[in-house]
Amino acid sequence: MNYRLKSTNFAFREDDLRSLLDQILAALAIDKSVALSPTVQFQIHESIRTDLLQRKNFVALEAYLIESLQQFQQKKLFSEKFYEKIFVLLNWIINASAINFNFEQSLHYTHLLHEELQKQNRKYYPKYVWVYHQSLVFNYSLLNRNADVIQLLNDIHKDPSLTGHSFYDVLSHLNLAVAYYNQNDLNNALKSLLPLLTSDAYNNLSPTMQLILGVVELILHCENKDFLYVESKIAELKRQFRSELNSKQYEREQSFLAILKMIAREAVPFQSKKTIEKCQEFIDKSPPFEPGSNEAINYKLWLQSKLTKQSYYQLVLKAVCR
């Protein structure tokens, strides 16, 4: 089935897809009782969603996921044996909706995920609670509910049962730092970031995550006009990530660091013709804003906010407005 799907150029319409699946199943001569079993139904679903993801057909993917959830619920496929499948499917719907800038819909399915987590005696709550929290943070931040992000993350930090996992601690502190920055609260933004940069967990992070944190720290110190620190930190990052920054994969970070260095050396940043030209060149080469990218603070929108003297967060909200 995977092979047939990959070699078929189907245009997504529900009737076309169902017809194609029937043809494939008939050609493979699969017994109908086998084809209708929950295990095979879920495997078929996973094949199709993977294919749509690889084609980057996110509109079709979103529609297919929602339709699949409705069908599986109608067929009562989420029995105790397969109950965990619903969390995976809801996570896919949440992410696909967000990619398509349907944040209200993404938030709706986030709340539905939370409802499902309360069932089965909360058996799956510890495993998927961070999917729920990350989805809330993501959607709140892009629905102009930044204060809710700050409240949620501060509540998480006070709850011992939700802390102590290095990966999620990193995400929660990083998201809190960005949320405070969105409110122009630089003092609390820097305070939120500091535990990450000085903890033992920092050394266990991937080079990409370490660099993300480093760039966020630089932006916050640029905003705070700590330009001597910015220059020193850039030199440190270049030494620390010499091999990464020399690779094409990190070309964007290398260019952005060069611009930050220029800004740090200017007596009056963003008034130098050369600096403005470099910023505009970077902006022109940048892709459109993409929710959930590796840039915790989007480099393009940050430079635009500086050149146009606008709020960074307001530019983010404009970028996702549809």
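Remember, it's a predicted structure, so these values are computed and weren't measured experimentally.

Conventions and cut-offs
Residues numbered from 1 in each chain as written. Predicted model: local features only at pLDDT ≥ 70, side-chain atom pairs only at ≥ 80, totals over all residues. Heavy atoms only, no water. Helix = DSSP H or I, 4+ residues; strand = E, 2+ residues; numbered from the N terminus. Buried < 20%, exposed > 50% of the residue type's maximum accessible area, 1.4 Å probe, protein only. Contact = heavy atoms within 4.5 Å. Areas by Shrake-Rupley, 256 points an atom, 1.4 Å probe, with all protein chains shown as cover. 1 Å grid on protein atoms, 1.4 Å probe; cavity = no way out; pocket = protein on both sides within 12 Å on 5 of 7 lines; lining within 4 Å. Points joined across faces, edges and corners; volume = space filled by probe spheres on them. Axes fitted to C-alpha atoms, helices over the stretch in contact; angles between N-to-C directions. Parallel < 35°, antiparallel > 145°, perpendicular 65-115°, else oblique. Left-handed = near helix turned anticlockwise from the far one by under 90°. Expected span 1.5 Å × (residues − 1). Core = buried A, V, L, I, M, F, W, Y, C linked by side-chain atoms within 4.5 Å. Phe/Tyr/Trp six-rings, centres within 6.5 Å; stacked < 30°, edge-to-face > 60°. Lys NZ or Arg CZ within 6 Å of the ring centre and 35° of its normal.

S.K.: If you had to explain the overall build of the protein to someone new, which residues and values would you point to?
M.R.: The helix and strand tally for the protein stands at 18 helices and zero strands. Buried residues in the protein amount to 47% of all 322 residues. Within the protein, contacts between residues separated by at least 24 positions form 60% of all contacts whose residues are at least 6 apart in sequence. For the protein, the exposed surface amounts to about 17000 Å²; the carbon and sulfur share of it is 50%.

S.K.: Any details on the side chain of Ser 97? Residues and values, ideally.
M.R.: Structurally, the position occupied by Ser 97 is in helix 6 (residues 85-99). Using a relative accessible area of 0% as the deciding quantity, one classes Ser 97 as buried. Beyond its immediate chain neighbours, meaning those up to four positions away, Ser 97 contacts Glu 62, Asn 102, Gln 105 and Ser 106.

S.K.: How would you summarise empty space enclosed by the protein if you had to cite specific residues and measurements?
M.R.: Within this structure, the stated rule accounts for one cavity of 30 Å³ or more. Looking at the largest cavity, its volume works out to about 50 Å³. Lining the largest cavity we find Phe 42, His 45, Glu 46, Arg 49, Phe 72, Lys 85, Val 88 and Leu 89. Of all the secondary-structure elements, those providing two or more residues to the lining of the largest cavity are helix 4 (38-54) and helix 6. If you tally residues by element for the lining of the largest cavity, the top one is helix 4, at four residues.

S.K.: Provide a residue-level description of the layout of surface pockets, including the pertinent values.
M.R.: Considered as a void within the structure, the largest pocket measures approximately 1000 Å³ in volume. Taken together, 36 residues form the lining of the largest pocket, with Gln 134, Phe 138, Asn 175, Gly 292 and Ser 293 sitting closest to its centre. Counting residues per element, the ones that place at least two in the lining of the largest pocket are helix 6, helix 8 (125-142), helix 9 (146-157), helix 10 (166-182), helix 12 (207-223) and helix 18 (312-319). No other element matches the eight residues that helix 8 contributes to the lining of the largest pocket. Computed from the structure, the second largest pocket encloses a volume of approximately 700 Å³.

S.K.: Let's hear about the packing of helix 4 against helix 6: which residues, and what values?
M.R.: Relative orientation of the contacting elements helix 4 and helix 6 amounts to 20 degrees, with a least axis distance of 13 Å. The angle between helix 4 and helix 6 places the two elements in the roughly parallel class. Crossing of helix 4 over helix 6 shows left-handed handedness. On the side of helix 4, the interface is formed by Phe 42, His 45, Glu 46, Arg 49 and Leu 53, while helix 6 contributes Lys 85, Val 88, Leu 89 and Trp 92.

S.K.: With reference to specific residues and values, describe helix 12.
M.R.: In this model, helix 12 (17 residues) spans 24 Å end to end at C-alpha, consistent with the 24 Å of a helix rising 1.5 Å per residue. By the criterion of burial, helix 12 is predominantly enclosed, with 15 of the 17 residues buried. Just past helix 12, the residue Lys 225 takes up positive phi, approximately 60 degrees.

S.K.: If you had to explain the nonpolar core to someone new, which residues and values would you point to?
M.R.: The biggest cluster of nonpolar side chains holds 99 residues, and the ones touching the most others in it are Leu 69, Phe 256, Leu 260, Trp 302 and Leu 303. Considering each element in turn, this core owes the most residues, 10 residues, to helix 12. Discounting chain neighbours no more than four positions away, the residues touching Trp 302 are Tyr 181, Ile 219, Cys 222, Glu 223, Phe 256, Leu 260, Ile 263, Phe 270, Ile 297 and Tyr 312.

S.K.: Describe in detail unusual backbone geometry, supporting the description with residues and values.
M.R.: Positive phi values are uncommon outside glycine, yet Asn 121 reaches one of about 55 degrees. Counting through the fold element by element, Asn 121 comes out in the loop between helix 7 (103-117) and helix 8. Phi is positive for Lys 225, which is not a glycine, with a value near 60 degrees. Looking at the element boundaries, Lys 225 is found in the loop between helix 12 and helix 13 (227-240). By relative accessible area, which is 61% here, Lys 225 ends up exposed.

S.K.: Summarise the packing of aromatic side chains; cite the residues concerned and give the values.
M.R.: In this description, an aromatic ring pair is defined by two values, namely the gap between the centres and the angle between the planes. Scanning the entire structure with this criterion turns up 16 aromatic pairs. With a centroid separation of 6.3 Å and 35 degrees between ring planes, the pair formed by Tyr 83 and Tyr 124 is classed as tilted. One end of the pair, Tyr 83, is in the loop between helix 5 (58-74) and helix 6; the other, Tyr 124, is in the loop between helix 7 and helix 8, and 41 residues separate them in sequence. Residue classification places Tyr 83 among the buried residues on the basis of a relative accessible area of 6%. For Tyr 124, a relative accessible area of 10% translates into the label buried. One aromatic cluster is present, built from ring pairs that chain together Phe 256, Phe 270, Phe 282, Tyr 299 and Trp 302. Directly above the aromatic system of Tyr 125 lies the positively charged group of Arg 122, at a separation of 4.0 Å from the ring centroid.

S.K.: Tell me what's going on with helix 10, and back it up with residues and numbers.
M.R.: The first and last C-alpha atoms of helix 10 sit 24 Å apart over 17 residues, in line with the 24 Å expected at 1.5 Å per residue. Just downstream of helix 10, Asn 184 is the residue with a positive phi angle, here 60 degrees.

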